[in-house]
Amino acid sequence: MADDPLFNLDLWKVFVTAAGSRTFHEAGRKLGLDATSVGRKIGKLELGLGFQLFSREGKEPSLTAMGRTALGHARQLLYVSGKTIEEIKEGVPLPGQKLHILASTGFSNVFLRRAITLFSESHPECSFVHESLSSSESYFERLGKGVDLIVTAYKADIPGVAMRVVSRHKKLCCASPGFVQRHGSLNHPDDLRPFSLAGNAHFLQGISFRQKRTGATYKGELSFKILSDNSLLLADWAAAGNGIFVGCPATLASEYIRDGRLKVILQDWELPELRGYAYTSLVESKSPDSLVLQLIDVMASAGREITRLAL
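This is a predicted model, so every value here is computed, not measured.

Further remarks concern the packing of aromatic side chains. Applying the stated criterion across every chain, the model contains eight aromatic pairs. A centroid spacing of 5.8 Å and a plane angle of 80 degrees characterise the contact between F15 and F54, whose relative ring orientation is edge-to-face. Taken together, the positions of F15 in helix α1 (residues 9-19) and F54 in strand β1 (residues 54-55) put the pair 39 residues apart, joining distant regions of the chain. In terms of burial, F15 and F54 fall into one category: buried. Taking 6.5 Å as the distance between ring centres and 45 degrees as the angle between the ring planes, the aromatic pair formed by Y277 and Y279 counts as tilted. Over the face of the ring belonging to Y256 we find R261, whose NZ or CZ atom lies 3.9 Å from the ring centre.

Moving on to the confidence of the model for the chain. When pLDDT is averaged across the chain, the result is 84; 90% of the residues are at 70 or more. Per-element confidence in the chain ranges from a low mean pLDDT of 76 for helix α4 (residues 65-90) to a high of 94 for helix α6 (residues 177-183). The model gives residues 92-96 a pLDDT under 50, and that stretch makes four contacts with residues more than four places away or in other chains.

Once that is clear, we can look at the side chain of N200. Here N200 lies in strand β8 (residues 197-200). Looking at N200, its side chain comes within polar contact range of the side chain of S231, at 2.9 Å. Apart from the residues within four sequence positions on either side, N200 is in contact with S228, D229, N230, S231, L234 and F245.

Now for the packing of α1 against helix α3 (residues 35-49). Close contact between α1 and α3 brings their axes to 9 Å; oriented N to C, the two are set at 110 degrees. Here α1 is positioned roughly perpendicular relative to α3, judged by the angle of their axes. Considering how the two elements wind past one another, α1 and α3 form a crossing that is left-handed. Judged by residue contacts, D10, L11, W12, V14, F15 and A18 of α1 engage V38, K41, I42, K44, L45 and L49 from α3. Of the residues that constitute the contact of α1 with α3, the class distribution is nine nonpolar, no polar and three charged.

Bringing the packing of α1 against helix α2 (residues 24-31) into the picture now. Where α1 meets α2, the axes come as close as 8 Å, and the angle between the chain directions of the two elements is 125 degrees. By the angle between their directions, the pair α1 and α2 is classed as oblique. Viewed along their axes, α1 and α2 form a crossing whose handedness is right-handed. For the pair α1 and α2, contact is made by K13, V14, T17 and A18 and by F24, A27, K30 and L31, respectively.

Here S228 is to be found in strand β10 (residues 226-228). There is a polar contact of 2.9 Å between the side chain of S228 and the backbone nitrogen of N230. Not counting the four nearest positions on each side in its chain, S228 is found in contact with G199, N200, A201, L233 and L234.

With that settled, consider the pattern of salt bridges. Here the structure, examined in full by the defined rule, presents 11 salt bridges. Between D10 and K41 there is a salt bridge whose closest N-O contact spans 3.2 Å. Of the two residues, D10 is situated in helix α1 and K41 in helix α3; the sequence distance between them amounts to 31 residues. Across the pair E26 and R22 runs a salt bridge, and its minimum N-O distance is 2.9 Å. Residue R22 is classed as exposed on the basis of its relative accessible area, which comes to 60%. Salt bridges linked by common partners bring R22, E26 and K30 together as one network.

So, about the sheet that holds strand β11 (residues 244-249). Here five strands make up an open sheet; going across it, the order is β10-β8-β11-β7-β12 and the pairing mixed. Looking at strand neighbours, the two that pair on one side only are β10 and β12 (263-265), the edges of this open sheet. The mean angle between the axes of side-by-side strands here comes to 35 degrees, regardless of whether they run parallel or antiparallel. Strand direction decides the pairing type here: β8 and β11, joined by two bridges, are parallel. Residue A198 lies in a different strand from β11, and its bridge partner there is F245. Strands in contact with helix α8 (residues 250-258) are β7 (171-175), β11 and β12; relative to β11, the strand with the most contacts, it is inclined by about 120 degrees.

Here is what the cut-offs are and how they apply
- Residues numbered from 1 in each chain as written.
- Predicted model: local features only at pLDDT ≥ 70, side-chain atom pairs only at ≥ 80, totals over all residues.
- Heavy atoms only, no water.
- Phe/Tyr/Trp six-rings, centres within 6.5 Å; stacked < 30°, edge-to-face > 60°.
- Helix = DSSP H or I, 4+ residues; strand = E, 2+ residues; numbered from the N terminus.
- Buried < 20%, exposed > 50% of the residue type's maximum accessible area, 1.4 Å probe, protein only.
- Lys NZ or Arg CZ within 6 Å of the ring centre and 35° of its normal.
- pLDDT = per-residue confidence, 0-100.
- Contact = heavy atoms within 4.5 Å.
- Polar contact = N/O pair within 3.5 Å; in protein donor to acceptor, adjacent residues only side chain to side chain.
- Axes fitted to C-alpha atoms, helices over the stretch in contact; angles between N-to-C directions.
- Parallel < 35°, antiparallel > 145°, perpendicular 65-115°, else oblique.
- Left-handed = near helix turned anticlockwise from the far one by under 90°.
- Nonpolar A, V, L, I, M, F, W, Y, C, P; charged D, E, K, R; others polar.
- Salt bridge = Lys/Arg side-chain N within 4 Å of Asp/Glu carboxyl O.
- Pairing = 2+ DSSP bridges.

In structure tokens:
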């Protein structure tokens, strides 16, 4: 078994890197190898598998149908081995007892903190590393590299990654009571144009108005004074009387409305719902004992309850 190329993780790493590169030369630069060495290592894998991973017929090698299938399994193999080695280094006594989560600030404030609290009641042995997403990083690349779970409003279909909807929220237009008193009732999206508007940068594609009564849609464009991926910041900005938060999640708005800090405007118009997506590795999603999946279940339950209590 020691000489079997199929048990050599280094060869699988070369294969996955080559599959994500245009040429073996490019893969070699990433790995610190020459193109000949890359081809030789892949050849060892192909010999052990009994089929070709790459077609060499064109100018650049391309994955065969069997190679594409093998790629998904190879990514899972490297994920599991990497996570196990990381846990051995850290001295974690049982796998999966430390959950590393990346989440947008809005979802963290709205329901993730509550879900973690509920989850900790039944799993007191678990600890959590919780980070806020940064819009400047390719955060999906961190799944399987120390990160167990990502929660965001961004929808993506990524090979080797499992996605699940964990929350649905209405989106509202909100302003402070003082702002509404100064400027009177606003009944049409065009009425927003003269004012300073704030919007969540992740939600911009979902800023399309539909009239509840007639189903008519608003085709105009709005100009935003402030954009952020932090809905809590935008709600505070609107509550301070600076302008209108277009697309505030109802679960967040309801808290501010109960405290008398925000009011809903444009009540005859609706925006597409905001969905929260949870992402984990495909390997994790197929594990019947996965603590990550158990946390996602609790998160979805908390999302439903908070949505029910919202406006």
